[in-house]
Amino acid sequence: MLISMKEAYAYAEQNECGLAAVNTPFFELLLAAIDVGEETNTPIILSFAQSHEKYVGIDEIGPAMVTLAERSSAPFVVHVDHGEDIDYIARGLDMGFNSCMIDGSLLPFEDNVEVTSRVVQMAHERGVAVEGEIGAMSGNENGDPSQGLADASLYTTPEEAAEFVRRTGVDSLAASFGTVHGLYRQKPNLDYGLIAELRNAAGVPLVMHGGSGLSIKEYRETIKQGVRKVNYYTYAAKAALEAVRPLAADDETFVFSDLAARAREAVREDIFAFSAALNQTLAR
């Protein structure tokens, strides 16, 4: 079933946990995320980032995301992630997505405020929550290897966070405090004190992008300091690839369907472990 992002955040606040926001640009990953949601009966956010158009179009996989979420007995949010323009976000909302993010983080502050405010007005008229972003992160949403550590000079400041939320009216805020998009080549150095300051200044739930590859301790500490949504893609996609490599090399494998089934199961296990790291009640 579809639930609103407001309801999902209320669950996270009540249970002091994080929401797993899984980008699903291939069908096996989408099915695996649905499997985990139904196994755990905890809210999961099914996301599609505009940058994933290189793999599959939102017009193609988006209706499947919405339909699978609606027909499930488990709670899901369907989210346009890293929308780059208002028209693209509107396309997603028109097909049934019920949450969105506008990413103006690479724009000058005033331009970011302007474009984010326009998306907030459009989305709120439809009863849809909006995530904005302030501060910059290295790497990218397609999972390419990130180089080095996050640049502390690009971290979000509490002053910027407070002003941005006040002027745009966003419902949640993605911020930069030490994570990077893609694969980690070095151990991340998260600024937990900054996370707490940002949550207090912003007054809305914080979103952690670049959520793949962290330890359970790191996840739990970010949640303790105010993170309520954690984006996840790279390591789930990597789990699928690693699972099918031996099968693809086996001369006794004759059809792709065998690889797809193996990928779905590997991703299901990976997403379950990720979700459990965000919610102690799921730990086995």
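Presented here is an overview of the structure given in this document.

The rules we used
- Residues numbered from 1 in each chain as written.
- Predicted model: local features only at pLDDT ≥ 70, side-chain atom pairs only at ≥ 80, totals over all residues.
- Heavy atoms only, no water.
- Core = buried A, V, L, I, M, F, W, Y, C linked by side-chain atoms within 4.5 Å.
- Buried < 20%, exposed > 50% of the residue type's maximum accessible area, 1.4 Å probe, protein only.
- Contact = heavy atoms within 4.5 Å.
- Phe/Tyr/Trp six-rings, centres within 6.5 Å; stacked < 30°, edge-to-face > 60°.
- Helix = DSSP H or I, 4+ residues; strand = E, 2+ residues; numbered from the N terminus.
- Pairing = 2+ DSSP bridges.
- Right-handed = clockwise from strand over helix to strand, strands pointing away.
- Salt bridge = Lys/Arg side-chain N within 4 Å of Asp/Glu carboxyl O.
- Axes fitted to C-alpha atoms, helices over the stretch in contact; angles between N-to-C directions.
- Parallel < 35°, antiparallel > 145°, perpendicular 65-115°, else oblique.
- Left-handed = near helix turned anticlockwise from the far one by under 90°.
- Nonpolar A, V, L, I, M, F, W, Y, C, P; charged D, E, K, R; others polar.

## Here's the deal with the nonpolar core
Turning to step 1, where the next piece is worked out: In terms of nonpolar packing, the biggest core is built from 77 residues, with Leu46, Phe97, Cys100, Leu173, Tyr219 and Ile271 touching the most fellow members.
Turning to step 2, where the next piece is worked out: Leave out the neighbours within four places in its chain, and Tyr219 touches Met208, Gly211, Ser212, Gly213, Leu214, Val230, Tyr232, Phe274, Ala277 and Leu278.
Turning to step 3, where the next piece is worked out: Counting residues in each nonpolar core, the second largest holds 14 residues, with Ile45, Val77, Met101 and Ala174 among its members.

## Focus on the packing of aromatic side chains
Turning to step 1, where the next piece is worked out: This structure, assessed with the given rule, holds three aromatic pairs.
Turning to step 2, where the next piece is worked out: Plain terms: the ring middles of Tyr232 and Phe274 are 3.9 Å apart, the flat faces sit at 10° to each other, and that makes the pair stacked. A residue pair is termed long-range when its members are at least 10 positions apart, and Tyr232 in strand S8 (residues 227-232) and Phe274 in helix H10 (residues 256-278) qualify at 42 residues. Take Tyr232 and Phe274: they sit in the same class, and that class is buried.

## Some remarks on the pairing of strand S4 (residues 99-102)
In summary, the side chains of a regular strand alternate between the two faces of the sheet.
Turning to step 1, where the next piece is worked out: Neither face of S4 is exposed, since Ser99 and Met101 on one face and Cys100 and Ile102 on the opposite face are all buried.
Turning to step 2, where the next piece is worked out: By the bridge criterion, three bridges tie strand S3 (residues 76-83) to S4 in an arrangement that is parallel. Bridge assignment links Gly83 to a residue of S4, and that residue is Ile102.
Turning to step 3, where the next piece is worked out: Taking the sense of rotation as the criterion, the β-α-β connection linking S3, helix H4 (residues 86-94) and S4 turns out right-handed.

## Some points on the pattern of salt bridges
Turning to step 1, where the next piece is worked out: Scanning the entire structure with this criterion turns up 11 salt bridges.
Turning to step 2, where the next piece is worked out: For Arg199, the salt bridge identified is with Glu13, shortest N-O distance 2.6 Å. Highlighted residues: Arg199 in helix H7 (residues 192-202) and Glu13 in helix H1 (residues 5-15), separated in sequence by 186 residues.
Turning to step 3, where the next piece is worked out: Judged by relative accessible area, Arg199 falls into the buried class, the value being 19%.
Turning to step 4, where the next piece is worked out: Glu13 serves as the salt-bridge partner of Arg228, at 3.4 Å between the closest nitrogen and oxygen. One end of the pair, Arg228, is in strand S8; the other, Glu13, is in helix H1, and 215 residues separate them in sequence.

## Brief notes about the packing of helix H2 (residues 27-40) against H10
Turning to step 1, where the next piece is worked out: Viewed as axis vectors pointing N to C, H2 and H10 meet at an angle of 45°, and their least axial separation amounts to 8 Å. With respect to their mutual orientation, H2 and H10 come out oblique. Between H2 and H10 lies a crossing of right-handed hand. On the side of H2, the interface is formed by Glu28, Leu29, Leu31, Ala32, Ala33, Asp35, Val36, Glu39 and Thr40, while H10 contributes Ala260, Ala263, Arg264, Val267, Arg268, Ile271, Phe272 and Ser275.
Turning to step 2, where the next piece is worked out: The residue inventory of the contact of H2 with H10, partitioned by class, reads 10 nonpolar, two polar and five charged.

## Brief notes about the environment of Gly37
Turning to step 1, where the next piece is worked out: In this structure, Gly37 sits in helix H2.
Turning to step 2, where the next piece is worked out: For Gly37, a relative accessible area of 0% puts it in the buried group.
Turning to step 3, where the next piece is worked out: Discounting residues that sit within four places of it in the chain, Gly37 has contacts with Thr42, Ile44, Ala74 and Phe76.

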